[in-house]
Amino acid sequence: MANFAFGLGVGTKSSAGEWLEVYYNAPLLGADDKLIDAVAKAVDYTGGNAAIEINAAALKKLEEAFLSVGAEDQALVSEVLEGSQQPIVLCVLEQDAAPTTTAEVYLKLALLSNRLVKPHSLNLTGMFGLLPNVAWTSEGAVSLEDLPRRQLAARAQGRVLDVQSVDKFPKMTNYAVPAGIRVGDASRIRLGAHVGEGTTVMHEGFINFNAGTLGVSMVEGRISAGVVVGNGSDIGGGASTMGTLSGGNNVVISVGENCLLGANAGLGIPLGDRCTLEAGLYVTGGSKVTVLDDQNNEVGIVKASELAGKPDLLFRRNSQNGRIEVKTNKSAIELNEELHKHN
């Protein structure tokens, strides 16, 4: 029986029975046939993509099924969840098709944040309609309909229900903390972000879902939805990348390896490897760029989009005439080597 992804999760429902969120402690990518066959015998799973709510009896059968095929990590999840007061769901994805349930979306976001898949590798079509707006509070996820009653009940007990955000996405670190990262403010990294090993996200850094870094990076600016930053590249303080959801933009913005976006710079084109964007400079696809040779002689004027993906470029603003210039970049590797020594 083919299988794309698999997860046993515990989550939260609203008082109306709507799933608000699901936490997968040990999601799997490409579970083998033996595991899926054992699961199918333990619960009512007959194939396809399915999110199956699990009761106590079925959970015990699942634990035995996991042990029978040597899936000790999944058996441990089952054991810990025994007696849970929260609803439990088994999500099996036979194929990477568009999700149809909240549980499926959360499994795919968990695959991203656990670094089991890279951004842009999953079918997330229609996901926003499956993610309810949720009040993320000091007591977990609360539906907006239930929030006033929960706040009143908390006050009656002499405490405050702290609402930290109202959003479709929770913060990543409550669901996954991949190895080898540092995070200054966890609330600024959404679930579904891919944070590469060796990445440091400073307090003002932000990483959206289905976006992130592929290796060692220093993030002090914003990595918008869909933007991928290559190994050894840095996003300076206040720097911004134009997301795939911004302004009707249908170009996937990316940053190659060993690049530097200076403080308060803005990027609206894909960058090749070893490129530098000067501090304070915003380059979009339609920006007119003067191309210089190694002797700083003008050799032509092009749209920035024509330079998309090309390596070894330095983009800068001429302080005398205000034009955007580009020339061969010689220093990106040296700049990043020192910065990354102690990430």
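Every value quoted in this text rests on a predicted model; they were computed, and no experiment measured them. Position numbers for residues count from 1 along each chain, tracking the sequence in the order it is written. At least 70 in pLDDT is required for a residue's local features to be given in this predicted model, at least 80 for side-chain atom pairs to be given and counted, and no such filter applies to totals for whole chains, interfaces and linings, which use all residues. By convention in this description, side-chain values take in all heavy atoms of the structure and omit both hydrogens and water.

Chemist: Which residues make up helix α1 (residues 33-42), and what values do they have?
Modeler: When accessible area is computed with a 1.4 Å probe and restricted to protein chains, residues below 20% of their type maximum are described as buried, those above 50% as exposed, and intermediate ones as partly exposed. Every helix listed is a DSSP run of H or I at least four residues long, and every strand listed is a run of E at least two residues long, numbered separately from the N terminus. Of the residues making up α1, those classed as buried are Leu35, Ile36, Ala38, Val39, Ala40 and Ala42. Whether two residues touch is decided by their heavy atoms; if any such pair falls within 4.5 Å, the residues are in contact. Taken together, the buried residues of α1 touch β1 (5-13), β3 (28-29), α2 (56-68) and β5 (88-93).

Chemist: So, the pairing of strand β26 (residues 324-328): which residues are in play, and what are the values?
Modeler: Of all five residues in β26, four are buried, a share of seventy percent or more. A pair of strands is labelled paired if DSSP reports no fewer than 2 bridges between them. The pairing of strand β23 (residues 288-292) with β26 spans three bridges and is classified as parallel. Bridging across to β26, Val289 finds its partner in Ile324. Direction of pairing for strand β25 (residues 313-317) relative to β26: antiparallel, over a ladder of five bridges. Looking across to β26, one finds that Arg316 is bridged to Glu325.

Chemist: Can you explain the domain arrangement of the protein chain? Please cite residues and give values.
Modeler: As a measure of interface size, the accessible area lost when the parts come together is often cited. Considered domain by domain, the protein chain is made up of domain 1 (5-131), domain 2 (136-167) and domain 3 (172-341). Domain borders in the structure are assigned automatically or taken from a domain database. Its C-alpha centre places domain 2 at a distance of 38 Å from the equivalent point of domain 3.

Chemist: With reference to specific residues and values, describe the UniProt feature "binding site: succinyl-CoA" (unreviewed entry) in the protein chain.
Modeler: As annotated in UniProt, the feature "binding site: succinyl-CoA" (unreviewed entry) corresponds to Arg222, Gly237, Ser240, Ala263, Glu278, Ala279, Gly286, Lys303, Arg316, Arg317, Asn318 and Ser319 in the numbering used here. Across 98 residues, the annotated set is spatially dispersed, with a maximum C-alpha separation of 26.2 Å. Considering the arrangement of structural elements, one finds Gly237 in the loop between β16 (234-235) and β17 (240-241). Not counting the four nearest positions on each side in its chain, Gly237 is found in contact with Glu220, Ala263 and Asn264. Classification of Ala279 as partly exposed rests on a relative accessible area of 48%. UniProt positions are given in the numbering used here, feature names are shortened, and annotations may be inferred rather than shown by experiment.

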